[in-house]
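Observations on the model geometry
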Amino acid sequence: MVRVTFVTAEGARIEAQGEAGQRLLEIGQNAGLPLEGTCEGQMACSTCHVVVAAQWFDRLTPAAEDEEDMLDLAAGVTRTSRLSCQIELTADLDGLEVRVPEEARDMQRG
Ligand code: FES
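Residues numbered from 1 in each chain as written. Predicted model: local features only at pLDDT ≥ 70, side-chain atom pairs only at ≥ 80, totals over all residues. Heavy atoms only, no water.

**A look at a negative patch on the surface**
Just so we agree on the cut-off: A patch consists of residues exposed above 30% relative accessible area that lack any salt bridge, with like charges linked at up to 9 Å and nonpolar side chains (Val, Leu, Ile, Met, Phe, Trp, Tyr) linked at up to 5 Å. Residue-level accessible areas treat just the shown protein chains as cover; the underlying method is Shrake-Rupley with a 1.4 Å probe. Take a side-chain nitrogen of Lys or Arg and a carboxyl oxygen of Asp or Glu: if they are within 4 Å of each other, that pair is a salt bridge. Only four residue types enter the tally: Lys and Arg on the positive side, Asp and Glu on the negative side, with His and both chain ends excluded. Each charge is placed at NZ for Lys, CZ for Arg, CG for Asp and CD for Glu. Burial classification: accessible surface area is computed with a 1.4 Å probe over protein chains only, and a residue below 20% of its type maximum counts as buried, one above 50% as exposed, and the rest as partly exposed.
Together, E65, D66, E68, D69 and D72 make up a region of like negative charge exposed at the surface. Looking at D69, the relative accessible area reads 43%, which means it is partly exposed.

**A look at the side chain of T47**
Quick note on the threshold: We count a stretch as a helix when DSSP gives it H or I for four or more residues in a row; a strand needs E for two or more, and each element gets its number in order from the N terminus. N or O atoms within 3.5 Å of each other form a polar contact, as long as, within protein, one can give a hydrogen and the other can take it, and as long as residues adjacent in sequence are counted only when both atoms are side-chain atoms.
Looking at where T47 falls in the secondary structure, it is placed in the loop between α1 (24-30) and β3 (49-52). A polar contact of 3.0 Å, which involves the side chain of T47, links it to the backbone nitrogen of G37.

**Things to note about the pattern of salt bridges**
For the coordinates displayed, the defined rule picks out four salt bridges. For R13, the salt bridge identified is with E97, shortest N-O distance 3.1 Å. Remark: E97 occurs in strand β5 (residues 96-99) and R13 occurs in strand β2 (residues 13-18); sequence separation between them is 84 residues.

**As for the environment of V100**
Counted only if it meets this: Contact criterion: two residues are considered in contact whenever any of their non-hydrogen atoms come within 4.5 Å of each other.
Position of V100 relative to the elements: it lies in the loop between β5 and α4 (102-109). Of the residues examined, V100 reaches a relative accessible area of 2% and is grouped as buried. Residues V100 and S81, 19 residues apart in the sequence, show an inter-C-alpha distance of 9.9 Å. The contacts of V100, once residues within four sequence positions are left out, are F6, V7, T8, A9, L33, P34 and L35.

**Some details on the nonpolar core**
The condition that has to hold: The criterion is simple. A nonpolar core is a set of buried Ala, Val, Leu, Ile, Met, Phe, Trp, Tyr and Cys residues joined through side-chain atoms within 4.5 Å.
Among the nonpolar cores identified, the biggest contains 26 residues, and F6, L24, V52, L89, L93 and L96 are the most heavily contacted of them. Looking at this core, the elements with two or more residues in it are β1 (2-7), α1, β3, α2 (54-57), α3 (65-72) and β5. Here L89 is in contact with V2, V4, G18, E19, A20, G21, Q22, L24, I27 and L96, once residues within four sequence places are set aside.

**Examining unusual backbone geometry**
Of all residues except glycine, most have a negative phi; of all peptide bonds, most are trans. The phi angle at E40 is positive, at roughly 55°, despite the residue not being glycine. By the secondary structure assignment, E40 is in the loop between α1 and β3. A relative accessible area of 67% places E40 in the exposed class. Look at M43: it is not a glycine, yet its phi comes out positive at around 55°. Within the secondary structure, M43 is located in the loop between α1 and β3.

**A short note on the pairing of β1**
For clarity, the threshold we go by: A pair of strands is considered paired only if DSSP assigns at least 2 bridges between the two.
Among the six residues of β1, five are classified as buried, and the element is accordingly described as predominantly covered. When β1 meets β2, the two strands line up antiparallel, connected through six bridges. For V4, the partnering residue across the bridge sits in β2 and is A16. The hairpin formed by β1 and β2 contains five residues between the paired strands, and G11 there has a positive phi angle of roughly 95°.

Written out as structure tokens, the structure is:
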């Protein structure tokens, strides 16, 4: 079991859990976070953007160039931004903490 804490734009902490091999996007969606994931992991949208807690960022498999390119287009990108569809959970990531950016929610509001 891999535990993940999602911090919402309002600062609420939502504890979720998944299994190694699952995508972070899927865990977040299962936990009811506003991660659209419109392209379903094809790196063709940026609606699955999350901001990884600094102490966890370096423990993730680095982003591929395509992911970096897509992140350049996302709103509210920070140095530790990632696409949650590209993060595969491993046992080492137990306790991972990520923030769901405000912009994702704003887009949903239209
Ligand atoms: S779901 Fe579209 S880039 Fe992640």
